[in-house]
Amino acid sequence: MNVTLAVKQYISKMIENSGPGMKVLLMDKETTSIVSVVYTQSEILQKEVYLFERIDSQNRDNMKHLKAICFLRPTKENVENLIQELRRPKYSVYFIYFSNVISKSEIKALAEADEQEVVAEVQEFYGDFIAVNPHLFSLNLSGVARGRSWEPTLLPRTTQGLTSVLLALKKCPMIRYQLSSDMAKRLGESVKQIITKEYELFDFRKTEVPPLLLILDRSDDAITPLLNQWTYQAMVHELLGLNNNRIDLSRVPGISKDLKEVVLSAENDEFYANNLYLNFGEIGTNIKNLMEDFQKKKPKEQQKLESISDMKAFVDNYPQFKKMSGTVSKHVTVVGELSRLVSERQLMEVSELEQELACQNDHSSASQNVRRLLQNPRVSEMDAVRLVMLYALRYERHSSSILPGLMEELNRKGVSEKHCRMVTSMVEYGGKRVRGSDLVNPQDAVAITKQFFKGLKGVENVYTQHAPLLQETLDQLIKGRLKDSHFPYLGPSSLRDRPQDIIVFVIGGATYEEALAIYNLNRTVPGVRIVLGGTTIHNTKSFLEEVTLTAGAGQAERLQRAGGHPNRR
Amino acid sequence: MASSYPPPFEGTGEVKEGFLCPLCLKDLQSFYQLQEHYEEEHSGDDRHVRGQLKSLVQKAKKAKDKLLKRDGEDKPETGSYESFYYGGVDPYMWEPQELGATRNHMDFFKKHRAARIDHYVIEVNKLIIRLEKLTSFDRMNIDAGKIRAIEKSVVAWVSDTDVPFCPDCGNKFNLRNRRHHCRLCGSIMCRKCMEFVPLPLAYKLTSGTREARSVTGSQSQSPPTGGGGNVSGMGSRRGSISSLSSVTSMLEEKDDERIRCCLHCMDTLMKRQQKLEEKDHVPDIVKLYERLRLCMDKVDERAPEYIRMAESLNAGETTYNLDTAGGLRMEVQKYYELIDALSKKILTLGMKEEPQPHQKTLQLQRMVRYTATLFVQEKLLGLMSLPTKDKYEDLKEKRKQEQEKRLTQERLIAQVAQKRRQDSEKNRPAASTNGEAPQAPRAPRMTKAGGWLPSSDTLHTCGELEDPLLQQIDNIQSFLRQAKAAQRHDEVAMLEENLRQLQDEYDQQQTSLAIALSQRLAQEESLQQDELQRLEDRERGEREHRAQSQAPGSQATYTWQGSLNLTDTGSLHGEEEGEEEVTPKAESSPLSMRAFPALTDQDEESPPRLRRLGGDVTPPGGEGQNSSSLNPFEEEDSTPVEDPSNPFFEEIQKEHKEVANGKKEYNPFEQEEGGEEEQGQAEGATGNPFEVKEENNEGNPFKEASGCTPPGASTNPFEGEDEEAMPDVDVIEEDLLLQQIDNIRAYIFDAKLNGRLDEVELLSENLRELQRTLQEQKSKTH
């Protein structure tokens, strides 16, 4: 069930298949990200892969002494490029791997282009997704929805990605989907269709309890991606933006040249792996320790190496020292930048209010606080908008809603028209009308009691009160209490037993907060393994873009329809 | 039970068992699921049934237990039931999985390719054969008309009238844009679309087939070419006709040196030519690269062997020969040099040539070089140095002493344990397990010691079965045999002495057991109290000392104490952080072990004292080691670092724990103190006679040994021994210096490569210093 390992194994198998000798890895844009997320350069260099090329790159020389490993998505352009490549081969042998199902006719076209018999292998290796963490994958697709339905080109792409995850993990699942979302149903059907069509591929060893694929829609929980995060990974993504485990620090003031873009990969950065899910305060302590550790080693370099033993110690420490100096400066920079942003944008206060909006039920205090923070000049435009959005989502139908007043406040603050319109878009995207579950107001007695007790006990950490809806959904799923009426099975059969292997896919993107919730569920609930995936991994910024795309297209659609009807009449 | 439901266990026809719902008889997998099911389905039903559910489940379980005793079929179910109580699994720890699904299309691919290839090969061969025919006569000396006739005989030309437009570019043919025929396929093209095959190329392309035919008989094949294959015969005619041909060439561009052909044929021929070239051509980079890989493989093969040797030698063991190890070291280092040289050569391949190689070629070369550097860095640094001859002798001696000490301690510990066990009042686990119990829970944290700890457990359980004294006697007997086999007479003597003592002890013990029992109890208690007092004093003192030395980091220690449990590496960091003194040792290479005396020297502590301190202050640690491996030869694999450092680490951990937990930890302390007491006894009872003896016995053989094997070029062995206690910078062995110089060179190289100029400067300064020292040394010794 480890998605990172699955991709890694595919790639190392490819390299293994090609035997010894110098190799070049030929990829396309998407497979490049897929590979780079799971392997570092030095790791792959050790496997004798010395060059990384794009299949569409024109600037490639004849190098007949290299073996080429092609890892490509089975797109039309890639096949066309490959045909050209095979007609005039630049390398001695070609090992071709497609990341998904490829049609017979395309293979035939390739075979006919291979007049020089340079192709040694044509296979499908289903690594068609970005494996962010062992239990988290993304497809790096944004703007998947047009109004309430699929962007036509992205449904097949999402289906491919999702089926490749299933194939890579060797799971042939039962499918449940969120009834309130038509997109979820469509995707489920599409996946089911592939499973039926490629039944030979999906013929895995049967497990006692069949795996389960749960398809959800982001619009059911629009609150989670709007909140500021305080765990390391989530926070980095929220404030700096993690893209294929890389962050761009070039905007950080006074950044040194080699830190403009840094890689944060739990695979080979021990500090990051240990602190991925810790909160900001704990990371502060840990980074302090790391620094002290580093400083203890550093004097050896600065002080004159006087005796032979000094030198020896220095030499002995050298590799660790070198490795450490990289890690230290990286994390110090990142954490430093995070804390700068936190204080600059007054994120502590903003986050506290966000949590209050998301988790508590006191309208008057909430509305007062929102108003107060909107008047604070140091609160950024983005944060102001998101507070209003949270308020709008939370107290959408409240009798004494002050939303119009808040909108005015936004205008007075000088927030751009575009951002103001986003508030309406957001309500349209994730408002009550759309939601299938009770995101904000728990209805049943158990949930109300739970909330009551929570209120009584007081809150442990005001910044991390919020638990994503997904957590509750999965909790119920594991306990077998998830209602069939809200999350029906696709097809006639249903799961009798407690589910064991669960793949959750969120249309419209998952978040790192949810990844953390899944991580904790994995750790605490025995006998259950859960993998989370999304069309992308959102932070607030990307989520707002997604919503704008979705809503904008939805409006256009509706306008068209509205305009179309009179004409027909 | 509600009467409306049939009694579950007295069903009529079929007998159901397992977790059945008492209400609807649905078979559920586990207790948990049954409960779930019950709550879901029947929560609205009669309430009082619920109370009965549990008793029913009990019954079911009992019935099942009975079943299980008969056959274990249902076991997986109980397993899953129990696993409910365990925690989940961190995704990073998920068990390894097999490779994901794959699908191979190669067969299908090959099928389609084969059809295509057949066609292609036929085409190429056809062209080659025609080309051969066209080139097998002397074009220079035959007039144009004849040539044309021959050419037309090779392939039928397409009729001019059939082709009004050039098939390639579509231009209309007319008087100015004339038609040209491809000599290879007979097709028509315009001048612009025309290509020429130069004769040399044509010869080259056909050389393969020509040779092949010359075997079968070229004479029979040549007649159709008309001119005859005899080159020497034609040479004579050349002069007379050349003038004529030059005239015709004026009229129509004559194809003396080349053969006209169309784009398509040319393309095919060029591909063929490329293939021919590549077949035999091996670029320089490949040759170099193959050698590079060979060296890397050699290193991968040799380095572990060397490391094993070096570790053993640095531990003062005699399994390997110092000279062999030195030779191996040289060999491995030579490979590194080779790797470096080869990769450098690869890097600069073609750099001086004009034009410069393609940027991708350069990139490839850079990457190969980079990989080689990484390889050297990673592996070379693991290459610990060897002890010099003198040092090795010292190490050997030290090890021997340690072993003896351990032996005597073991014996005593065994005795004490024996006494303790019989001591009815003290049935604490600590007493019966040689005071090892307090260590046991902590053991997993001692990452360095991981190698031997598990084995000690098993050994230990064995030990418990027998009388430890008897077992000890057995052990010593086996040591004796081994020592005899190894011809270590001094040890044999000592072991024999030990054995005698042990046997005496055993006899005595049997008789005096009953009498001593009460006496010992009283004695032990008083001793314990004393020790407790002493221990506390020392702890307090040391804590103060530590507190001073690490006042700034004191806050940090709490956190790493926590992280110790998490990961091995985490604990390593922690150790390094916690105690600066330990840092070099924590590097775990014997290399640093040798640096260690010097370091401690600066701290105004001599290593023997430190070691003593380690053994003394933390008997539990030292003892845990000692008693754990009943056979001292077993410990040969462990690095020497372990011995001095482990007790230390333990000590530190203990202290932090103490700091963290305050004074709550009295129980473990009492037990430790028990261990301490044993230790005290051990030293008190046997320490003196043995030590004296060792010195007497062992002084000589070692002197002899050093006499036999002439000491290395450097210093007097006796001097070396003296120096060892407080090594000085002045007397650095030449070997060590040379090694160090090697190492520093490697670093300079690496630093240069990565452009860290400040480091380069620093390092080269060191290098100079080292070289100076070396010179001085040389002048001294000569």
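Criteria and thresholds
- Residues numbered from 1 in each chain as written.
- Chains lettered and ligands numbered in written order.
- Predicted model: local features only at pLDDT ≥ 70, side-chain atom pairs only at ≥ 80, totals over all residues.
- Heavy atoms only, no water.
- UniProt positions renumbered as here; feature names shortened; annotations may be inferred.
- Helix = DSSP H or I, 4+ residues; strand = E, 2+ residues; numbered from the N terminus.
- Buried < 20%, exposed > 50% of the residue type's maximum accessible area, 1.4 Å probe, protein only.
- Contact = heavy atoms within 4.5 Å.
- Areas by Shrake-Rupley, 256 points an atom, 1.4 Å probe, with all protein chains shown as cover.
- Pairing = 2+ DSSP bridges.
- pLDDT = per-residue confidence, 0-100.
- Polar contact = N/O pair within 3.5 Å; in protein donor to acceptor, adjacent residues only side chain to side chain.
- Axes fitted to C-alpha atoms, helices over the stretch in contact; angles between N-to-C directions.
- Expected span 1.5 Å × (residues − 1).
- Salt bridge = Lys/Arg side-chain N within 4 Å of Asp/Glu carboxyl O.
- Phe/Tyr/Trp six-rings, centres within 6.5 Å; stacked < 30°, edge-to-face > 60°.
- Lys NZ or Arg CZ within 6 Å of the ring centre and 35° of its normal.

- By the naming in an unreviewed UniProt entry, chain B is FYVE-type domain-containing protein, taken from Oncorhynchus mykiss.

- As recorded in an unreviewed UniProt entry, chain A goes by the name Vacuolar protein sorting-associated protein 45, listed as coming from Oncorhynchus mykiss.
- The UniProt entry for chain A carries the following comment under Sequence similarities (unreviewed entry): "Belongs to the STXBP/unc-18/SEC1 family."
- According to the UniProt record, the Function (unreviewed entry) comment for chain A is "May play a role in vesicle-mediated protein trafficking from the Golgi stack through the trans-Golgi network."

1. A few points about the overall build of chain A
- Looking only at helices and strands, chain A has 21 helices and 18 strands in total.
- Buried positions account for 58% of the 569 residues belonging to chain A.
- Put simply, of all contacts in chain A between residues at least 6 apart along the chain, 81% involve residues at least 24 apart.
- For chain A, the accessible surface area stands at approximately 23,100 Å², while carbon and sulfur atoms represent 50% of it.

2. Some thoughts on the pairing of strand β6 (residues 130-133) of chain A
Residue and element names in this part refer to chain A.
- Judged from the three bridges that link them, β6 and strand β7 (residues 136-138) form a sheet pairing that is antiparallel. Considered in β7, the bridge of Asn-133 is made with Leu-136.
- The hairpin turn running from β6 into β7, its antiparallel successor, is two residues long.

3. Some details on the confidence of the model for chain A
- For chain A, the average pLDDT comes to 85, and 88% of its residues sit at 70 or higher.
- Under a pLDDT of 50 for its full length, residues 563-569 of chain A has, in the predicted model, zero contacts with residues more than four places off or in other chains.

4. What about the environment of Lys-171 of chain A?
Residue and element names in this part refer to chain A.
- Locating Lys-171 in the fold gives a position in the loop between α6 (154-168) and β10 (174-177).
- Sequence spacing of Lys-171 and Phe-202 is 31 residues, and the spatial spacing of their C-alpha atoms is 7.4 Å.
- In contact with Lys-171, other than residues within four places in its own chain, are Met-1, Leu-166, Phe-202, Phe-204, Pro-211, Asp-501, Ile-503 and Arg-529.
- Side-chain polar atoms of Lys-171 contact the side chain of Asp-501, separated by 2.9 Å.

5. Description of the sheet that holds β6 of chain A
Residues and elements named next belong to chain A.
- Strand order in the open sheet formed by six strands is β6-β7-β17-β15-β11-β10, and the pairing between neighbours is mixed. Whereas interior strands pair on both sides, the edge strands pair on one side only; in this sheet they are β6 and β10. Going from strand to strand, the sheet's axes swing by 25° on average, the running direction of each strand aside.
- In the sheet, strand β15 (residues 501-507) pairs with strand β17 (residues 529-534) via six bridges, with the strands oriented parallel. Within β17, the residue paired with Val-504 across the bridge is Leu-532.
- Packed on one face of the sheet, helix α1 (residues 3-17) meets β6, β7 and β17 and runs near 135° to β6.

6. Overview of α6 of chain A
- Taking 1.5 Å as the rise per residue, α6 of chain A with 15 residues should run 21 Å; its terminal C-alpha atoms sit 21 Å apart, in good agreement.
- Among the 15 residues that make up α6 of chain A, 13 are buried, leaving the element largely enclosed by the rest of the structure.

7. A closer look at the sheet that holds strand β12 (residues 242-243) of chain A
Residue and element names in this part refer to chain A.
- Read from one edge of the open sheet, three strands run β12-β13-β14, paired in antiparallel fashion. Of all strands in the sheet, those bounded by a partner on one side alone are β12 and β14 (261-263).
- Two elements, strand β13 (residues 246-248) and β14, share three bridges in a ladder whose sense is antiparallel. Counted as the bridge partner of Arg-246 is Val-263 from β14.

8. A closer look at the pattern of salt bridges
- One pass over the full model with this rule turns up 44 salt bridges over all chains.
- The closest approach of N and O atoms between Arg-183 of chain B and Glu-151 of chain B, which form a salt bridge, is 2.7 Å. One end of the pair, Arg-183 of chain B, is in the loop between β4 (180-181) and β5 (188-189); the other, Glu-151 of chain B, is in helix α5 (residues 144-154), with 32 residues separating them in the sequence.
- According to the relative accessible area criterion, Arg-183 of chain B is buried, its value standing at 5%.
- Judged by relative accessible area, which is 2%, Glu-151 of chain B ranks as buried.
- Each member of the salt-bridge network shares a partner with another, and the members are Glu-238, Arg-345, Glu-354, Asp-383 and Arg-386 of chain A.

9. Here we look at the environment of Leu-482 of chain A
- Turning to its location among the elements, Leu-482 of chain A is positioned in the loop between α19 (469-479) and β15.
- Looking at Leu-482 of chain A, the relative accessible area reads 7%, which means it is buried.

10. Considering the packing of aromatic side chains
- All told, the structure shown has 13 aromatic pairs over all chains when counted by the stated rule.
- Judged by centre distance (4.7 Å) and plane angle (45°), the ring pair of Tyr-97 of chain A and Phe-125 of chain A falls under tilted. Note that Tyr-97 of chain A is positioned in strand β4 (residues 91-98) and Phe-125 of chain A in strand β5 (residues 119-125), a separation of 28 residues in sequence.
- Taking 5.7 Å as the distance between ring centres and 80° as the angle between the ring planes, the aromatic pair formed by Tyr-429 of chain A and Phe-543 of chain A counts as edge-to-face. Taken together, the residues span a long stretch of sequence, with Tyr-429 of chain A in helix α17 (residues 417-430) and Phe-543 of chain A in helix α21 (residues 540-568) at a distance of 114 residues. Accessibility assignment for this pair places Tyr-429 of chain A and Phe-543 of chain A in one class, buried.
- Taken together, the aromatic side chains of Tyr-10, Tyr-97 and Phe-125 of chain A make up a single cluster linked through ring pairs.
- A cation sits over an aromatic face here: Lys-104 of chain A above Phe-108 of chain B, 4.5 Å from the ring centre.
- The ring of Tyr-395 of chain A carries the charged tip of Arg-394 of chain A above its face, separated from the ring centre by 5.1 Å.

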